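Structure at a glance
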Amino acid sequence: MVEEKDLSAKIRELLSARSAESSICPSDVARAAAPDNWRPLMEPVREAARHMVADGEVQITQGGEVVDPESARGPIRIRWAR
């Protein structure tokens, strides 16, 4: 299984490859980490992103608005904290 530190690094890598205002989907991270078996990584990616939010590194958004990562349900996006 892919470790959280690796997923966090993948989040940073994907965000760094885009403009500062862009966001990524957790599935982008999961697919980059395990192209042939990415679906089981969806919750671990969300968990890694929640920890990165707690560290002030990224924000989780829905509909372009920052949301509480602990209560967010449904599709989310990840972007650099501003």
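In the block above lies the structure referred to throughout.
Read on for a plain summary of the structure. Just so we're clear, the structure is a prediction, and the values are computed from it rather than from any experiment.

1. What to know about the overall build of the protein chain
What the protein chain contains, in helices and strands, is three helices and four strands. Its helices and strands in sequence order give the protein chain the pattern α-β-α-α-β-β-β, from N to C terminus. Computed over the C-alpha atoms, the radius of gyration of the protein chain is 11 Å, within 12% of the 12 Å expected from 2.2 N^0.38 for a compact globule of 82 residues. Looking at the 82 residues of the protein chain, the share that counts as buried comes to 37%. A separation of at least 24 residues holds for 42% of the contacts in the protein chain among residues at least 6 apart in sequence. For the protein chain, the accessible area works out to roughly 4700 Å², and carbon and sulfur atoms hold 49% of it. With 12 positive and 14 negative side-chain charges, the protein chain shows a separation of 5 Å between the mean positions of the two kinds.

2. Re helix α3 (residues 42–54)
Residues that lie three or four places apart on an α-helix share one face, since the helix turns once every 3.6 residues. Taking 1.5 Å of rise per residue, the 13 residues of α3 would be expected to cover 18 Å, and the 19 Å separating its terminal C-alpha atoms lies within 8% of that figure. Positioned one or two residues after α3, G56 has a phi angle of 80 degrees, which is positive.

3. Concerning the pairing of strand β2 (residues 58–62)
Extensive coverage of β2 is indicated by the burial of four of its five residues. Sheet topology note: the β2/strand β4 (residues 77–80) ladder contains four bridges and is antiparallel. Residue pairing for β4: V58 is matched across the bridge by W80. In this structure, β2 lies alongside strand β3 (residues 65–66), joined through two bridges in antiparallel fashion. The residue bridging T61 from the neighbouring strand is V66, located in β3. Taking the residues between adjacent antiparallel strands as the criterion, β2 and β3 are bridged by two residues, where G63 takes a positive phi near 60 degrees.

Calculation criteria
Residues numbered from 1 in each chain as written. Predicted model: local features only at pLDDT ≥ 70, side-chain atom pairs only at ≥ 80, totals over all residues. Heavy atoms only, no water. Helix = DSSP H or I, 4+ residues; strand = E, 2+ residues; numbered from the N terminus. Rg over C-alpha atoms; globule rule 2.2 N^0.38 Å. Buried < 20%, exposed > 50% of the residue type's maximum accessible area, 1.4 Å probe, protein only. Contact = heavy atoms within 4.5 Å. Areas by Shrake-Rupley, 256 points an atom, 1.4 Å probe, with all protein chains shown as cover. Lys, Arg positive; Asp, Glu negative; His and termini not counted. Charge placed at Lys NZ, Arg CZ, Asp CG, Glu CD. Expected span 1.5 Å × (residues − 1). Pairing = 2+ DSSP bridges.

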